[in-house]
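# Structural description and commentary
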Amino acid sequence: QVQLVESGGGLVQAGGSLRLSCAVSGRTFSNYAMGWFRQAPGKEREFVAGIGWTGASTYYAESVKGRFTISRDNAKNTVYLQMNSLKPEDTAPYYCATARARRTAAAALPSLYDYWGQGTQVTVSS
């Protein structure tokens, strides 16, 4: 059974930083691209960042480019999202997801991912 567990969310002031982690079990982590998404109340799920299966390719939403960094540690079966210069509009639950197909590059479409975590809340106060 594939499981994804996010951690690292919390309350931070605008301009602050957080690092999210997502631990994956039940799948050969190193074979799959990973992604981070968020979904604010009343809004659609939004792509934030993705990383390919080798870690060589990364892809970011325009709204977070230059502020967020996605990375992976295959030895720990974990993907990270370093978030700097946080803004109130970054407030949302954040979800990690693992790609549906093996050995793919970073991708933004939610339909390309098949397993999702339960989410970790990020709240940025102004």
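In this text, all values refer to a predicted model and were calculated from it rather than measured experimentally. (Residues numbered from 1 in each chain as written. Predicted model: local features only at pLDDT ≥ 70, side-chain atom pairs only at ≥ 80, totals over all residues. Heavy atoms only, no water.)

### Quick notes on the overall build of the protein
Helix and strand content of the protein: zero helices and eleven strands. Starting at the N terminus and ending at the C terminus, the protein contains elements arranged as β-β-β-β-β-β-β-β-β-β-β. For a compact globule of 126 residues, the expected C-alpha radius of gyration is about 14 Å, and the protein comes in at 13 Å, within 12% of that figure. In terms of its C-alpha atoms, the protein occupies a principal-axis envelope of roughly 40 × 30 × 25 Å. The long-range fraction of contacts in the protein, counting pairs at least 24 apart against all pairs at least 6 apart in sequence, stands at 59%. With an accessible surface of roughly 6,300 Å², the protein has 48% of that area assigned to carbon and sulfur atoms. Taking the average location of the 13 positive side-chain charges in the protein and that of its 8 negative ones, the two points are 6 Å from each other. (Helix = DSSP H or I, 4+ residues; strand = E, 2+ residues; numbered from the N terminus. Rg over C-alpha atoms; globule rule 2.2 N^0.38 Å. Contact = heavy atoms within 4.5 Å. Areas by Shrake-Rupley, 256 points an atom, 1.4 Å probe, with all protein chains shown as cover. Lys, Arg positive; Asp, Glu negative; His and termini not counted. Charge placed at Lys NZ, Arg CZ, Asp CG, Glu CD.)

### Some words on the packing of aromatic side chains
Here the structure, examined in full by the defined rule, presents five aromatic pairs. Through a chain of ring-to-ring contacts, the aromatic side chains of F37, F47, Y59, Y113 and W116 assemble into a single cluster. R45 extends its terminal NZ or CZ atom over the ring of W116, reaching a point 4.5 Å from the ring centre. (Phe/Tyr/Trp six-rings, centres within 6.5 Å; stacked < 30°, edge-to-face > 60°. Lys NZ or Arg CZ within 6 Å of the ring centre and 35° of its normal.)

### Digging into the side chain of R38
Structurally, R38 can be placed in strand β4 (residues 34-38). In terms of polar contacts, R38 uses its side chain to reach the side chain of D90, at 3.0 Å. Within the structure, R38 has its side chain in polar contact with the side chain of Y94 (distance 2.8 Å). Not counting the four nearest positions on each side in its chain, R38 is found in contact with E44, R45, E46, V48, S63, V64, F68, E89, D90, A92, P93 and Y94. (Polar contact = N/O pair within 3.5 Å; in protein donor to acceptor, adjacent residues only side chain to side chain.)

### Brief notes about the nonpolar core
Core analysis: the biggest nonpolar cluster contains 35 residues, and W36, L81, M83 and Y94 have the highest contact counts within it. Of all the elements in the fold, those that place two or more residues in this core are β3 (18-25), β4, β5 (46-51), β7 (68-73), β8 (78-83), β9 (92-99) and β11 (120-125). A total of five residues in this core trace back to one element, the largest contributor, which is β9. Setting aside residues no more than four positions away along its own chain, Y94 makes contact with E6, L20, W36, F37, R38, V48, F68, L81, M83, G119, T120 and V122. (Core = buried A, V, L, I, M, F, W, Y, C linked by side-chain atoms within 4.5 Å. Buried < 20%, exposed > 50% of the residue type's maximum accessible area, 1.4 Å probe, protein only.)

### Focus on the sheet that holds strand β1 (residues 3-7)
Judged by pairing direction, the sheet is antiparallel, and its four strands sit side by side in the order β1-β3-β8-β7 without closing on themselves. Looking at strand neighbours, the two that pair on one side only are β1 and β7, the edges of this open sheet. Within the sheet, the average angular offset between the axes of one strand and its neighbour, ignoring direction, is 15°. (Pairing = 2+ DSSP bridges. Axes fitted to C-alpha atoms, helices over the stretch in contact; angles between N-to-C directions.)

### Points about the environment of T104
Tracing the sequence through the fold places T104 in the loop between β9 and β10 (113-116). Between the C-alpha atoms of T104 and G52, which are 52 residues apart in sequence, the distance is 5.9 Å. Residues within four places of T104 in sequence aside, it is in contact with A33, G52, W53 and A99.

### Some details on the pairing of β4
Here β4 lies mainly inside the structure; five of its five residues are buried. Alternating residues of β4 divide into M34, W36 and R38 and G35 and F37, and every residue in both groups is buried. In the sheet, β4 pairs with β5 via five bridges, with the strands oriented antiparallel. From the neighbouring strand, F37 faces β5, where its bridge partner is F47. Here five bridges tie β4 to β9, and the two strands are oriented antiparallel to one another. Within β9, the residue paired with F37 across the bridge is Y95.

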